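Fold and contact review
The primary structure of each chain is shown beneath.
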Amino acid sequence: MPTNFVFKITNIFLYTCIYHEWSNDGATFSGGKTHMQGEETSESKQKQALKGWDYAIILVVFAVTGSTAAIFPKWLMPLTGIEGGATYYIVYFILITPIYQVLLLGYAFIFGKFDYFWDKQKKIGRWIWRKITGKPKE
C-alpha cells in the first residue's frame, strides 16, 4: 500500500534527525558536544536524570505517536482531493511531518516527558534551520 511506504520514509527521516542528536554509542545523549569531567551543564544533568524507565517511557511515546500518525492520513488525505501520484506523496509528507511533531509533544506531555522532547524538538529545529540557511553553529 503506497501510504505505508510514505509513512515508513517519514519515520526514517524523523528518527534520523533525532538519532543525529545522540552520541555514537546510541545509548547516552551528548548533544554532539564533549564535556570536561566535573563540568555540569543542563545536558549532562539531563543525561544523568534519564534512567531505565525513562528510556522505556520515551520508546512508548515514540510508538504511540507513530501509530497515531499512521491513522491521520486516512482522514486527511481524502480531504485534499488528491488520489495518487507524486503530488499525493509530497502533500502527504508536508502534512504528516508537522502533525507528527505536535502529536509527539502531546504524548510526551501525557507521559510526563514534555521537557525532554521539547529540548529535542528545538535542537532538531535548529539543526534543520542551519542546514537550510547554511549558517554555522553558534
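Residue numbers restart at each chain and count upward from 1, following the sequence in its written direction. With pLDDT at 70 or above as the cut-off, local features in this predicted model cover only qualifying residues; side-chain atom pairs require 80 or more to be listed or tallied, and sums for whole chains, interfaces and linings still use all residues. Each side-chain value is derived from all of the structure's non-hydrogen atoms; neither hydrogens nor water enter the calculation.

**Topic: the overall build of the protein**
Short version of the rule: Think of it this way: any DSSP run of H or I at least four residues long counts as a helix, any run of E at least two long counts as a strand, and we number them from the N terminus. In this scheme, a residue with accessible area under 20% of its type's maximum is buried, one over 50% is exposed, and one in between is partly exposed, where area comes from a 1.4 Å probe on protein chains only. Here, residues are in contact when the closest pair of their heavy atoms is within 4.5 Å.
Looking only at helices and strands, the protein has five helices and zero strands in total. Order of helices (α) and strands (β) in the protein, N terminus to C terminus: α-α-α-α-α. For the protein, the proportion of its 138 residues judged to be buried stands at 33%. Put simply, 63% of the contacts in the protein that link residues at least 6 apart link residues at least 24 apart.

**Section: the nonpolar core**
The criterion, for reference: Residues enter a nonpolar core if they are buried and are Ala, Val, Leu, Ile, Met, Phe, Trp, Tyr or Cys, with the set joined through side-chain atoms within 4.5 Å.
In this structure, Ile58, Val61, Phe62, Leu104 and Phe117 are the most contacted members of the largest nonpolar core, which totals 17 residues. Sorting the residues of this core by element identifies helix H3 (52-80), helix H4 (85-110) and helix H5 (114-133) as the ones contributing at least two each. Looking at this core element by element, the count peaks at nine residues for H4. For Ile58, the residues in contact, after removing those within four places along its chain, are Leu50, Tyr116 and Phe117.

**A few points about H3**
For the record, the criterion: What a helix should span is 1.5 Å times the count of its residues minus one. To get the bend at any residue, fit one axis to the seven residues that end at it and another to the seven that begin at it, then take the angle between the two axes.
Between its terminal C-alpha atoms H3 stretches 43 Å, which fits the 42 Å expected from 29 residues at 1.5 Å a residue. Along its length, H3 shows its largest kink, about 25°, at Lys74, and proline Pro78 lies within four residues downstream of that point. Among all positions of H3, only Asp54, Ile58, Val61, Phe62, Thr65, Gly66, Thr68, Ala69, Pro73 and Met77 are buried.

**Looking at the pattern of salt bridges**
Proximity of charged atoms lets side chains of opposite charge pair with each other. Filter applied, for reference: A pair is scored as a salt bridge if a Lys or Arg side-chain nitrogen falls within 4 Å of a carboxyl oxygen belonging to Asp or Glu.
Inspection of the entire model under this criterion finds two salt bridges. Between Lys113 and Asp54 there is a salt bridge; the shortest N-O distance is 2.6 Å. Of this pair, Lys113 sits in the loop between H4 and H5 while Asp54 sits in helix H3, and the two are 59 residues apart along the sequence. A relative accessible area of 14% places Lys113 in the buried class. Across the salt bridge formed by Lys122 and Asp119, the nearest N and O atoms sit 3.8 Å from each other.

**With respect to the confidence of the model for the protein**
Low pLDDT means the predicted atomic positions in that stretch should not be read closely. Cut-off, in case you're wondering: pLDDT is defined as a per-residue confidence score from the predictor, taking values between 0 and 100.
Confidence in the prediction of the protein, expressed as mean pLDDT, is 75, and 64% of residues score 70 or more. For residues 19-40, every residue scores under 50 in pLDDT, and the model assigns this stretch 38 contacts once sequence neighbours within four places are set aside.

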